[in-house]
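The lines below spell out each chain.
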Amino acid sequence: MTNPLLSDWDTPFQLPPFAEISDDDFEAAVHETLASARAAVDAVANNPEAPSFENTVEALELADADLGRVLGVFYNLAGADSTEKRQELQRAFSPLLAAYSSDVSMNKELFERVETLWQQRDSLNLNDEQARVLELCRRGFVRAGAQLEGDARERHREIKARLAVLGTEFGQNLLADEREWSMPLSEDDLEGLPDFVIAAARSAGEALGHEGPAVTLSRSLIVPFLQFSPRRELRKTAFEAWVARGANGGETDNREITRETLELRAERAALLGYDSYAAYKLETEMAKTPEAVHDLLMQVWNKAKPAAEADAEVLAEMLAKDGINGPLEAWDWFYYAEKRRLAEHDLDEAELKPYFQLDRMIEAAFDCANRLFGLEARALDVPLYHPDCCAWEFTRNGEHIAVFIGDYFARASKRSGAWCSAMRSQKKLGGDVRPIVVNVCNFAKPPEGEPALLSYDDARTLFHEFGHALHQMLSDVTYESISGTSVARDFVELPSQLYEHWLEVPEVLEKHAIHAETGEAIPADLMKRLLDAQTYNTGFATVEYVSSALVDLAFHDGPAPKDTMARQAEVLDGISMPYAIRMRHATPGFAHVFAGDGYASAYYSYMWSEVMDADAFKAFEEGEGPFDPALAKRLEEHILSAGGSRDPEELYRAFRGRMPSVDALLEGRGLL
Ligand SMILES: [Zn+2]
């Protein structure tokens, strides 16, 4: 039997042959492609010829292409459709891959070649993109410890391997806790819940094999339950289960993992000569320093906290009017905020929901991409990895651009949240490769035969992830290492958050927000109420988010805490966190920061990007409107197609002509 992962994929668009791949194939394929990647890297390192950009940097870019192809499939499946076998493989692969990446970056001969090129960079006749790739390549080696010697070198290798294991365990524990918990509901417990929540609770109960409906920890079920259920005890139980993920004691408890992770990160930064892990991490970001991040977060915090406190007073009065003694609690906030929204904005999620059909919102996201960038989508009938997935081909002027896969419904085998990943990235080196891009969400699946309806938040998420997808699909660079979303972390959310703005454009809503039963477009008055309500409760949302970002920064700026929960409490005390608001992600469930180090001391980056996206969309408002062709062209040229080919600050300036201030963000959130 040949391993389908190792053959040429003679499929439409060279999509992975999902139907032929079994979980057992991954192990052999990873071992084999890892071995050939190692051999290719060794060949580069031991090349007797003098180093050139081509025989060193370009050869390295190509060395692990086959491994990347296998892992691109594996990690997509492990996240979107996990099985026990896949989890086991994930645990087995993570130390192997960490060791490989360590071995590459710690290879002395290799680093010497790169360093030689770096010293000769002015005489190599490199174009701008090549110069950038060389700079990033060399910086990657240095930051990975290539210059370390002796014991420090060995210790650094151990730390990296251990951190990879801890990150995987953290994510798996969280998933286990999410799966473990559910709360069966009696028919009486459905009181006050809109039909869509009842339907979601029924299908969740059914999937779990309960007699009746149930609440689970899927965000798209638990959040509306907290918003609508008048039963305070049930809200409390559900909320406490939600925030306790990763902190339930026993085998899946993440608290000790967070402590060890922070300790190892701090030790690693010290080995590399940085003051703190945050200093190390932020060096490559647009923000550059922990001080710059703290400064931005506090500017926003100081406007958001009073707004949230004023809201808390109103909600506490509503609670008292309901005859409840005692303070407003965190499990009350969602419920009373929803009630108040109904009263003040007359905007009811349940009234709104029929207008946000999943299929129409997908069309809306595609239609905007057509008007802005001339992209055309065509549905594909190809085998995918799960029956809930759909695929489209994107073209422009008849030319193939990308394959896009949408995997929108929640299921037990999918990790929570929403994300975009490239199963294959765009590049030109070694052949013109167009990307395969996946958007994964966790929207509630409707009962058989009924249309899937989204909340407005879900629709935003869809646009958000599609913005990331555009960054991948429109990518036009030579080197994979700087392709698509391979940019600074605090720049990567700019395309996605910017794209959310098009959902708020009235002509987009008029065209695509179509009632599921009547087929009528959203009434002007409902749309106005919807758009007016967008700044509603932003004090709360901002406090939830900024507190998480400040805790993340504090964890990494300075010595590692002995007790992460105590440190979290200390930071929240220090900023006088409002009583009835919790961090958006409590530490034991803070996957951004602990299930891998991608957002470690970088959770702020969503807000950093928001400063830019608010300012960038203002450019359209100040120009010819949301579909201003000249601006769309600049957006594609300087941001969406450019990947990491230039410093992000340069890219932004090229698009906008200047850097943004925090004002457009505060205005957008109604906090000015
Ligand atoms: Zn994002």
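Everything below is about the structure printed above this text.
A word on the packing of aromatic side chains
Inspection of the entire model under this criterion finds 39 aromatic pairs. With a centroid separation of 5.1 Å and 75° between ring planes, the pair formed by phenylalanine 74 and tyrosine 75 is classed as edge-to-face. By relative accessible area, which is 32% here, tyrosine 75 ends up partly exposed. Their ring planes at 70° and their centres at 6.1 Å tell us that tyrosine 652 and phenylalanine 655 sit as a pair that is edge-to-face. Taken together, the residues span about one helical turn, with tyrosine 652 and phenylalanine 655 both in helix α26 (residues 648-656) at a distance of three residues. For the pair tyrosine 652 and phenylalanine 655, a shared accessibility class is recorded, and that class is buried. Arginine 69 extends its terminal NZ or CZ atom over the ring of tryptophan 9, reaching a point 3.9 Å from the ring centre. Its end group placed over the ring of tyrosine 280, arginine 143 keeps NZ or CZ at 4.0 Å from the ring centre.

Describing the pairing of strand β6 (residues 419-424)
The side chains of a regular strand alternate between the sheet's two faces. With five of six residues buried, β6 is to be regarded as a mostly interior element. Pairing between β6 and strand β7 (residues 436-443): five bridges, direction antiparallel. Paired with tryptophan 419 across the two strands is valine 440, which belongs to β7.

Points about the pattern of salt bridges
This model, assessed by the stated rule, comprises 52 salt bridges. For the salt bridge of glutamate 191 with arginine 231, the shortest nitrogen-to-oxygen distance reads 2.8 Å. Highlighted residues: glutamate 191 in the loop between β1 (182-184) and α8 (195-208) and arginine 231 in the loop between α9 (219-228) and α10 (232-243), separated in sequence by 40 residues. Residue glutamate 191 is classed as partly exposed on the basis of its relative accessible area, which comes to 42%. Because the salt bridges share partners, they merge into one network encompassing Asp23, Asp81, Arg86, Asp388, Asp407, Arg411, Lys414 and Lys445.

What to know about the coordination of the zinc ion
The zinc ion binds to the protein through His464 (NE2), His468 (NE2) and Glu493 (OE); the donor distances cover 2.1 Å. All donors of the zinc ion come from a single chain, and their spacing in sequence reads H-x3-H-x24-E. Of this pair, histidine 464 and histidine 468 both sit in helix α17 (residues 456-473), separated by four residues, roughly a single helical turn. In this pair, the class of histidine 464 matches that of histidine 468, namely buried.

Here is what the cut-offs are and how they apply
- Residues numbered from 1 in each chain as written.
- Predicted model: local features only at pLDDT ≥ 70, side-chain atom pairs only at ≥ 80, totals over all residues.
- Heavy atoms only, no water.
- Phe/Tyr/Trp six-rings, centres within 6.5 Å; stacked < 30°, edge-to-face > 60°.
- Buried < 20%, exposed > 50% of the residue type's maximum accessible area, 1.4 Å probe, protein only.
- Helix = DSSP H or I, 4+ residues; strand = E, 2+ residues; numbered from the N terminus.
- Lys NZ or Arg CZ within 6 Å of the ring centre and 35° of its normal.
- Pairing = 2+ DSSP bridges.
- Salt bridge = Lys/Arg side-chain N within 4 Å of Asp/Glu carboxyl O.
- Donors = N, O, S within 2.8 Å, 3.2 Å for Na, K, Ca; no water.

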